[in-house]
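# Structure assessment
One-letter residues, chain by chain:
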Amino acid sequence: MKVTVIQTNSISDKGKNIAQASGLIDRAVAMDRPDVVVLPEVWSWRGGTTADKVREADKVPGGPAWEVLATLARRHRIWIHGGSMIEHIPGSSTQVYNTTCVFNREGREVARYRKIHMFDITAPDGTPYRESDTIRPGADIALYDLEGMKIGCTICYDMRFAELYIALAREGADVIMVPSSFTVQTGKDHWEVILRARAIETQCYIVAPGQYGPFVDGQGGVRQSYGHSLVADPWGHVVARCSDGVGFATAHIDRDQIERVRGLIPMNAHRRLGIERPT
């Protein structure tokens, strides 16, 4: 199976974001002919105020960003793991979901995941991030079958919570998707380290497309995203990586490599659940 990570520079202009992502998918299909394309977090709308986010949130199913992904999957006969989009919550004027939608080769939605962990931190330079002010967290893990491969769903800040990844591994995940919009400050020190660790401890491929470059937040300030989209194999090696700027990178997902790693170090057979806490 061939997978392509798409690296965008999404802003608070839905039309431009959809055009950018569509163009990159078209180019990736023409050049690399992937089986599955994976977009980054909030690819269709990034930045702006809470009111902006609520106004531009997609109905799922049926919103404009949702419809574009369904159409592209059907046109190119590929799977699209739709990164994440801002999802409308009926009746709410203050919150939205941060939601992954997955489409098969017929353009049919086959999986949906809502980001569980909220990025509520203060960065090293003092910049506050309060994702929960706008985003309502999800509660359920999600996996789906992709032509014999079991795919686990996560989004960005989820990657810091190893228990979610172990839960996906216990459910049989072979590949875990991590669409992201990582800050430069945390990205330069943590992005690759965490992703490779998640690959090693789950013995899964980790597929992590990221946002790159500047966008304007709700207070009119400019924030920067780290990019460096990558694919790591179950041994922890980075096997594909994007350079700076918008673009894409493609890797092969090799079932034999998954089985080889799990045969060398049979972690699932060695897990001793239930002894982590003293009785």
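Residues numbered from 1 in each chain as written. Predicted model: local features only at pLDDT ≥ 70, side-chain atom pairs only at ≥ 80, totals over all residues. Heavy atoms only, no water.

Glancing now at the overall build of the protein chain. Regarding its fold elements, the protein chain presents seven helices and 17 strands. For a compact globule of 279 residues, the expected C-alpha radius of gyration is about 19 Å, and the protein chain comes in at 18 Å, within 12% of that figure. By residue count, 55% of the 279 residues in the protein chain fall in the buried class. Separation between the mean location of the 33 positive side-chain charges and that of the 33 negative ones in the protein chain comes to 1 Å. (Helix = DSSP H or I, 4+ residues; strand = E, 2+ residues; numbered from the N terminus. Rg over C-alpha atoms; globule rule 2.2 N^0.38 Å. Buried < 20%, exposed > 50% of the residue type's maximum accessible area, 1.4 Å probe, protein only. Lys, Arg positive; Asp, Glu negative; His and termini not counted. Charge placed at Lys NZ, Arg CZ, Asp CG, Glu CD.)

Turning our eyes to something else, we now look at the pairing of strand 14 (residues 222-226). Both strand 13 (residues 212-216) and strand 14 contribute to a ladder of five bridges, which runs antiparallel. By the bridge assignment, Pro214 is partnered in strand 14 with Gln224. The turn linking strand 13 back onto strand 14 is made up of five residues, and Gly220 within it adopts a positive phi angle of 85°. (Pairing = 2+ DSSP bridges.)

Looking now at the pattern of salt bridges. Working definition: two side chains of opposite charge can pair if their charged atoms are close together. All chains considered together, the criterion is met by 20 salt bridges. Residues Glu56 and Arg55 are paired through a salt bridge, measuring 3.4 Å at the closest nitrogen-oxygen approach. What makes Glu56 partly exposed here is its relative accessible area of 21%. With relative accessibility at 53%, the residue Arg55 sits in the exposed group. The closest approach of N and O atoms between Asp174 and Arg255, which form a salt bridge, is 3.0 Å. Note that Asp174 is positioned in the loop between helix 4 (162-170) and strand 11 (175-177) and Arg255 in helix 6 (residues 255-264), a separation of 81 residues in sequence. (Salt bridge = Lys/Arg side-chain N within 4 Å of Asp/Glu carboxyl O.)

Once that is clear, we can look at the side chain of Asp233. Position of Asp233 relative to the elements: it lies in the loop between strand 15 (230-232) and strand 16 (238-241). In this structure Asp233 is buried but unpaired, with Arg260 as the nearest side chain of opposite charge at 6.2 Å. Here the side chain of Asp233 touches Gln257 through a polar contact of 3.1 Å, side chain to side chain. Residues in contact with Asp233, not counting those within four places in the same chain, are Ala199, Cys204, Tyr205, Val239 and Gln257. (Polar contact = N/O pair within 3.5 Å; in protein donor to acceptor, adjacent residues only side chain to side chain. Contact = heavy atoms within 4.5 Å.)

Turning our eyes to something else, we now look at the environment of Asp145. Residue placement: Asp145 occurs in strand 9 (residues 143-146). According to the relative accessible area criterion, Asp145 is partly exposed, its value standing at 48%. Along the backbone, Asp145 and Cys156 are 11 residues apart, and their C-alpha atoms lie at a distance of 21 Å. At 3.4 Å, the side chain of Asp145 and the backbone nitrogen of Glu147 are in polar contact. Polar side-chain contacts of Asp145 include one of 3.4 Å to the backbone nitrogen of Gly148.

In this structure, the largest pocket encloses a volume near 790 Å³. Forming the walls of the largest pocket are 34 residues, and the residues nearest its centre are Lys53, Tyr129, Arg130, Glu131 and Arg223. Among the elements of the structure, helix 2 (50-56), strand 8 (128-130) and strand 14 are those that each provide at least two residues to the lining of the largest pocket. Of the residues that constitute the lining of the largest pocket, the class distribution is 11 nonpolar, 13 polar and 10 charged. (1 Å grid on protein atoms, 1.4 Å probe; cavity = no way out; pocket = protein on both sides within 12 Å on 5 of 7 lines; lining within 4 Å. Points joined across faces, edges and corners; volume = space filled by probe spheres on them. Nonpolar A, V, L, I, M, F, W, Y, C, P; charged D, E, K, R; others polar.)

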